[in-house]
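# Residue-level structure breakdown
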Amino acid sequence: MATLYFCRDIDNSQGLRAQHRAAHFTYIESIMDEVLIAGPVRPDDPATVTGSVFVYATDDPDQAQALLQADPYVQAGIYAACDSMPFLPAAGVWLGGGIWQEGTLGTDGSPSRSPEPS
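Residues numbered from 1 in each chain as written. Predicted model: local features only at pLDDT ≥ 70, side-chain atom pairs only at ≥ 80, totals over all residues. Heavy atoms only, no water.

### Let's talk about the layout of surface pockets
Estimated volume of the second largest pocket: approximately 250 Å³. Taken together, 14 residues form the lining of the second largest pocket, with Arg17, His24, Phe25, Gly39 and Pro40 sitting closest to its centre. Those elements that place two or more of their residues in the lining of the second largest pocket are helix 1 (14-30), strand 2 (35-41) and strand 3 (51-56). A per-element tally of the lining of the second largest pocket places helix 1 first, with 5 residues. Considered class by class, the residues forming the lining of the second largest pocket number 8 nonpolar, 3 polar and 3 charged. (1 Å grid on protein atoms, 1.4 Å probe; cavity = no way out; pocket = protein on both sides within 12 Å on 5 of 7 lines; lining within 4 Å. Points joined across faces, edges and corners; volume = space filled by probe spheres on them. Helix = DSSP H or I, 4+ residues; strand = E, 2+ residues; numbered from the N terminus. Nonpolar A, V, L, I, M, F, W, Y, C, P; charged D, E, K, R; others polar.)

Below, the structure is given as structure tokens:
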């Protein structure tokens, strides 16, 4: 299992994002082994970010919360709200297929192997 966070930016967050981007990237690089995937949400305009998605490689809500709270973007107040939920990465190219296929599903129903980058 994993923990997914969907974070929505405050209004006019672009200046704060620019100010804290380098520290955010440095932080993400430092916890890369804890991150299954992360990235910005750009629903209307590719140049405008309105939020972020983080999928952490833990089903422990306290550990996931600690990872999120240590992010410079969170500490800078960029997000108006962050919603979390348990998440099971179940299928896709990054997983090498579906977790129900031979060799990909663990005995507890979670992926038994890490996604391979493409």
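Back to the text.
### Focus on the confidence of the model for the protein
When pLDDT drops low, the exact placement of atoms in the prediction is not to be read closely. With 86% of its residues at a pLDDT of 70 or more, the protein shows a mean pLDDT of 88. Per-element mean pLDDT across the protein ranges from 84 in strand 6 (residues 97-98) up to 98 in helix 3 (residues 72-75). (pLDDT = per-residue confidence, 0-100.)

### Points about the nonpolar core
Ranked by internal contacts, the top residues of the largest apolar core, which has 15 residues, are Tyr5, Cys7, Ile31, Phe54, Tyr56, Leu68 and Tyr79. Among the secondary structure elements, those contributing two or more residues to this core are strand 1 (2-9), helix 1, strand 3, helix 2 (61-69) and helix 3. For this core, the element with the highest residue contribution is helix 2, accounting for 3 residues. Setting aside residues no more than four positions away along its own chain, Tyr79 makes contact with Cys7, Arg8, Asp9, Ile10, Arg17, Ser52, Phe54, Tyr73 and Val74. (Core = buried A, V, L, I, M, F, W, Y, C linked by side-chain atoms within 4.5 Å. Buried < 20%, exposed > 50% of the residue type's maximum accessible area, 1.4 Å probe, protein only. Contact = heavy atoms within 4.5 Å.)

### Things to note about a nonpolar patch on the surface
Side chains of Leu36, Ile37, Val93 and Trp94 sit close together on the surface and give an oily, nonpolar patch of about 400 Å² of accessible area. On the basis of relative accessibility, which here comes to 72%, the residue Val93 falls in the exposed class. (Patch = residues over 30% accessible without salt bridge, like charges linked within 9 Å, V, L, I, M, F, W, Y side chains within 5 Å. Areas by Shrake-Rupley, 256 points an atom, 1.4 Å probe, with all protein chains shown as cover. Salt bridge = Lys/Arg side-chain N within 4 Å of Asp/Glu carboxyl O.)

### Section: the pattern of salt bridges
Taken as a whole and assessed by the stated rule, the structure comprises 2 salt bridges. The salt bridge involving Arg8 is made with Asp83; its shortest N-O contact spans 2.9 Å. Within this pair, whereas Arg8 is found in strand 1, its partner Asp83 is found in strand 4 (residues 79-87), the two being separated by 75 residues in sequence. Taking the relative accessible area as the measure of exposure, Arg8 reaches 30% and is therefore partly exposed. Residue classification places Asp83 among the partly exposed positions, given a relative accessible area of 36%. When the shortest N-O distance is used, the salt bridge between Arg17 and Asp9 registers 2.7 Å. Asp9 matches Arg17 in its accessibility class, with the two residues each being buried.

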